[in-house]
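Close look at the chain arrangement
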Amino acid sequence: MTVHEPALGRYYEDFQVGDVYQHPLGRTISEADNTWFTLLTMNTNQNHFNAHFAEKAPVGKIIVNSGLTVAIILGLSVIDVSQTALMNLGWDNIRLTHPVFIGDTLYAESLVTEKRESQSRPYAGIVTCRTRGSTMMGTRSSRGRAR
């Protein structure tokens, strides 16, 4: 009998360019999540926490703080992409194509776009992914269209 120790995440050798990871967890955003994140980051835009103000704005209701949306999508990817990483080297080209609202459930998937050995750290490799967040992925559904 072989005993396998508990493990999370992947290592450099496990990634292949073109692989897609549909991250297994979803996260529903509550009003408390949005309010706390908005307060912690000192974001004073009334669209994130003032229902009276937001109902008169073009969208007509409170919009989830976009920093929270980005943080949750990043967090959903960790289990598959960076659980064992030494560090994140950066994020770029972040686009917010649709508003997210309280009660929306976010999902994420990552596409491996590049992989190379590190030039400065011979014990490490660099994996580049394109991560996409949505309120609907694959066969998972929610109220609303894919974002």
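In what follows, the structure referred to is the one given above.
Read on for a plain summary of the structure. Values in this document were obtained by computation on a predicted structure and should not be read as measured data. (Residues numbered from 1 in each chain as written. Predicted model: local features only at pLDDT ≥ 70, side-chain atom pairs only at ≥ 80, totals over all residues. Heavy atoms only, no water.)

Locating Thr 84 in the fold gives a position in the loop between helix H3 (66–81) and strand S3 (105–117). With 74 residues separating them in the primary sequence, Thr 84 and Arg 10 have C-alpha atoms 6.4 Å apart. Those residues in contact with Thr 84 that sit more than four places away from it in its chain are Leu 8, Gly 9, Arg 10 and Tyr 11. In this structure the side chain of Thr 84 is engaged in a polar contact, spanning 2.3 Å, whose partner is the backbone oxygen of Arg 10. (Helix = DSSP H or I, 4+ residues; strand = E, 2+ residues; numbered from the N terminus. Contact = heavy atoms within 4.5 Å. Polar contact = N/O pair within 3.5 Å; in protein donor to acceptor, adjacent residues only side chain to side chain.)

All right, on to unusual backbone geometry then. One non-glycine residue, Met 42, lies in positive phi territory at about 55°. With respect to the element layout, Met 42 can be found in the loop between helix H1 (31–40) and helix H2 (51–56). For Met 42, a relative accessible area of 69% corresponds to the exposed category. In this structure, Asn 93 takes a positive phi of about 55° despite not being glycine. Relative to the assigned elements, Asn 93 resides in the loop between H3 and S3. (Buried < 20%, exposed > 50% of the residue type's maximum accessible area, 1.4 Å probe, protein only.)

Here we take up the pattern of salt bridges. Summed over all chains, the structure comprises three salt bridges. A salt bridge links Asp 80 to Arg 10; its shortest N-O distance comes to 2.8 Å. Remark: Arg 10 occurs in the segment before strand S1 (20–22) and Asp 80 occurs in helix H3; sequence separation between them is 70 residues. Taking the relative accessible area as the measure of exposure, Arg 10 reaches 26% and is therefore partly exposed. (Salt bridge = Lys/Arg side-chain N within 4 Å of Asp/Glu carboxyl O.)

Before going further, it helps to examine H3. Over its 16 residues, H3 runs 22 Å from end to end, which matches the ideal 22 Å to within 8%, given 1.5 Å per residue. Within H3 the residues assigned to the buried category are Leu 68, Thr 69, Ile 72, Ile 73, Leu 76, Ser 77 and Asp 80. Along H3, the residues classed as buried sweep out an arc of 165° about the axis, all on the same side. (Expected span 1.5 Å × (residues − 1). Arc of directions from axis to C-beta.)

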